[in-house]
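Descriptive analysis of the structure
The chain contents come next:
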Amino acid sequence: MLHVPGHPPVPLNDIRRIDKRKWDRKGIAYLHYEHGSPPTQHVLKLDDFAYEREPTDEILQQIEKNLLTTGPAQRGFPVV
């Protein structure tokens, strides 16, 4: 479960896409997830400047690891 201010708790299985185009340069990743019933799409921003570099790096690594082990390719999960 991922907890980010301004968003409801997000189960890792609800994350559909990670946009890491700004990760290497600015430490920003956007997580696209679905929430609610019926599911609606939302985006949250992980920013290692706002939330501290090391913990944010670990969070993103854990999300990627979870998604890779649960078969994201079968769900159409792209990492940009």
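Values in this document were obtained by computation on a predicted structure and should not be read as measured data. (Residues numbered from 1 in each chain as written. Predicted model: local features only at pLDDT ≥ 70, side-chain atom pairs only at ≥ 80, totals over all residues. Heavy atoms only, no water.)

Concerning the nonpolar core
Going by this rule: Nonpolar cores were defined as sets of buried Ala, Val, Leu, Ile, Met, Phe, Trp, Tyr and Cys residues, with membership established by side-chain atoms within 4.5 Å. A simple rule labels every residue: compare its accessible area, found with a 1.4 Å probe on the protein chains alone, to the largest value its type can have, and call it buried under 20%, exposed over 50%, or partly exposed in between. Helix and strand definitions follow DSSP, with helices as H or I runs of at least four residues and strands as E runs of at least two, each counted in order from the N terminus. Residues are treated as being in contact if the distance between any of their heavy atoms lies within 4.5 Å.
The biggest cluster of nonpolar side chains holds 15 residues, and the ones touching the most others in it are Leu2, Ile15, Leu31, Leu44 and Ile63. Residue assignment for this core shows that the elements contributing at least two residues are strand E1 (15–19), strand E2 (28–35), strand E3 (40–47) and helix H3 (53–69). Not counting the four nearest positions on each side in its chain, leucine 31 is found in contact with Leu2, Ile15, Arg17, Ile18, His42, Val43, Leu44, Leu46, Leu60 and Ile63.

Examining the pattern of salt bridges
For the record, the criterion: Each salt bridge in this description consists of a side-chain nitrogen of Lys or Arg and a carboxyl oxygen of Asp or Glu lying within 4 Å of one another.
On inspection of all chains with the given rule, the structure shows five salt bridges. Between arginine 16 and glutamate 34 there is a salt bridge whose closest N-O contact spans 3.4 Å. Of the two residues, arginine 16 sits in strand E1 while glutamate 34 sits in strand E2, which places them 18 residues apart along the sequence. We note a salt bridge from arginine 21 to aspartate 19, for which the minimum N-O separation is 2.5 Å. For aspartate 19, a relative accessible area of 8% corresponds to the buried category. Here the residues in one salt-bridge network are Asp48, Arg53 and Asp57, joined through shared partners.

Examining H3
Owing to its 3.6 residues per turn, the α-helix brings residues three or four apart onto one side. Just so we agree on the cut-off: Under the convention used throughout, the expected extent of a helix is 1.5 Å for every residue step, that is, one less than its residue count.
The end-to-end C-alpha distance of H3 is 24 Å, a good match for the 24 Å that 17 residues give at a rise of 1.5 Å each. Within the span of H3, buried status applies to Thr56, Asp57, Leu60, Ile63, Glu64, Asn66 and Leu67.

Purely geometric numbers; function is a separate question.
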